[in-house]
Amino acid sequence: MLFGYTEEQLANFFLTYGVAAFILFMVFIIGHLAWQSKAGKFGTFVIFLGLGVGFLGFIAKFVIQWYLEKH
C-alpha cells in the first residue's frame, strides 16, 4: 500500500490518466516539431496520422475492456 492505495489501484490510475497525459504531451511535441521543421500541411497531416493510429489503439483498448466487462 502506498498512500492508502493498493498497487492495482495505482497501476489502473496511471495506465489510464498517465498514458493519456503522455499522449497529449506527445501531441504538443510532434506539433512543435512539425512547426519547427516547416513540414507543411501534408507533412503535418502525415505525422499526426501516424500518431493517431496509436491513439486509436489506446482508445480501442478501453472500449474492448469495457465491452468484455459488461458482457
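Scroll up a little and you will see the structure.
About the criteria used
- Residues numbered from 1 in each chain as written.
- Predicted model: local features only at pLDDT ≥ 70, side-chain atom pairs only at ≥ 80, totals over all residues.
- Heavy atoms only, no water.
- Phe/Tyr/Trp six-rings, centres within 6.5 Å; stacked < 30°, edge-to-face > 60°.
- Helix = DSSP H or I, 4+ residues; strand = E, 2+ residues; numbered from the N terminus.
- Buried < 20%, exposed > 50% of the residue type's maximum accessible area, 1.4 Å probe, protein only.
- Contact = heavy atoms within 4.5 Å.
- Expected span 1.5 Å × (residues − 1).
- Bend = angle between axes of the 7 residues up to and from the residue.
- Axes fitted to C-alpha atoms, helices over the stretch in contact; angles between N-to-C directions.
- Parallel < 35°, antiparallel > 145°, perpendicular 65-115°, else oblique.
- Nonpolar A, V, L, I, M, F, W, Y, C, P; charged D, E, K, R; others polar.

(A) The packing of aromatic side chains, seen in detail. Within the structure shown, the criterion is met by four aromatic pairs. Ring geometry for Phe13 and Tyr17: centres 5.1 Å apart, planes at 45°, overall tilted. Within this pair, Phe13 and its partner Tyr17 are both found in helix H1 (residues 7-36), separated by four residues, close to a single helical turn. Among the residues examined, Tyr17 registers a relative accessible area of 54% and is labelled exposed.

(B) View of the environment of Val19. As for its placement among the helices and strands, Val19 is situated in helix H1. Judged by its relative accessible area of 28%, Val19 is partly exposed. Residues Val19 and Phe58 lie 39 residues apart in sequence; the distance between their C-alpha atoms is 8.8 Å. Residues contacting Val19, with those up to four places away along its chain left out, are Phe14 and Phe58.

(C) Helix H2 (residues 40-70), seen in detail. The terminal C-alpha atoms of H2, which comprises 31 residues, lie 44 Å apart, in line with the 45 Å expected from a rise of 1.5 Å per residue. Residues of H2 that are buried sit in contact with H1.

(D) Structural view of H1. Between the first and last C-alpha of H1 there are 41 Å, a value that for 30 residues agrees with the 44 Å anticipated at 1.5 Å per step. Taken as a whole, H1 carries its principal kink of about 30° at Phe14. Listing the buried residues of H1 in full gives Ile23, Ile30 and Ala34. Close packing links the buried residues of H1 with H2. One or two steps after H1, the chain reaches Lys38, where phi turns positive at roughly 55°.

(E) Highlighting the packing of H1 against H2. At a minimum axis separation of 10 Å, H1 and H2 run at an interaxial angle of 175°. One element, H1, and the other, H2, form an angle in the roughly antiparallel class. For the pair formed by H1 and H2, the contact residues are Leu15, Thr16, Val19, Ala20, Ile23, Met26, Val27, Ile30, Gly31 and Ala34 on the first element and Thr44, Ile47, Phe48, Leu51, Phe55, Phe58 and Phe62 on the second. Among the residues forming the contact of H1 with H2, the class breakdown is 14 nonpolar, three polar and no charged.

Functional significance is not addressed by these values, which are geometric in nature.
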